[in-house]
Amino acid sequence: MTITELLTRVRAALADALFFPPVPDTAGQANDALQEVTRWAWLPPLSGVAVAEDRALRTHENSAAKAPEQAEKTN
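What you see is a predicted model; the values in this text were computed from it and never measured.

Cut-offs applied
- Residues numbered from 1 in each chain as written.
- Predicted model: local features only at pLDDT ≥ 70, side-chain atom pairs only at ≥ 80, totals over all residues.
- Heavy atoms only, no water.
- Helix = DSSP H or I, 4+ residues; strand = E, 2+ residues; numbered from the N terminus.
- Buried < 20%, exposed > 50% of the residue type's maximum accessible area, 1.4 Å probe, protein only.
- Areas by Shrake-Rupley, 256 points an atom, 1.4 Å probe, with all protein chains shown as cover.
- Patch = residues over 30% accessible without salt bridge, like charges linked within 9 Å, V, L, I, M, F, W, Y side chains within 5 Å.
- Salt bridge = Lys/Arg side-chain N within 4 Å of Asp/Glu carboxyl O.

Draft legend 1. The arrangement of the overall build of the protein chain in detail. Regarding its fold elements, the protein chain presents 2 helices and 0 strands. Burial statistics for the protein chain: of 75 residues in total, 0% are counted as buried. Looking at the protein chain as shown, the accessible area adds up to about 7,000 Å², and 64% of this sits on carbon and sulfur atoms.

Draft legend 2. Just a nonpolar patch on the surface, in detail. A surface patch of nonpolar side chains, amounting to about 890 Å² of accessible area, comprises Met-1, Ile-3, Leu-6, Leu-7, Val-10, Leu-14, Leu-18 and Phe-19. For Ile-3, the location among the structural elements is in helix H1 (residues 3–19).

See below:
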């Protein structure tokens, strides 16, 4: 194999990898690809919801603990 043939094969492999996404051959492969995309598309928003939930819970616990103290001061 000459250097020209090697570079041609490398260029073709890179072009296939970057410009032409592989098309699934079977319905099972298509389903797997769809599940993978769906999982990664929803993961960041769900992570944000979990963080917000923890922050809201801590804020509520702090506010709830302060409420009786404030009520005692006003009485």
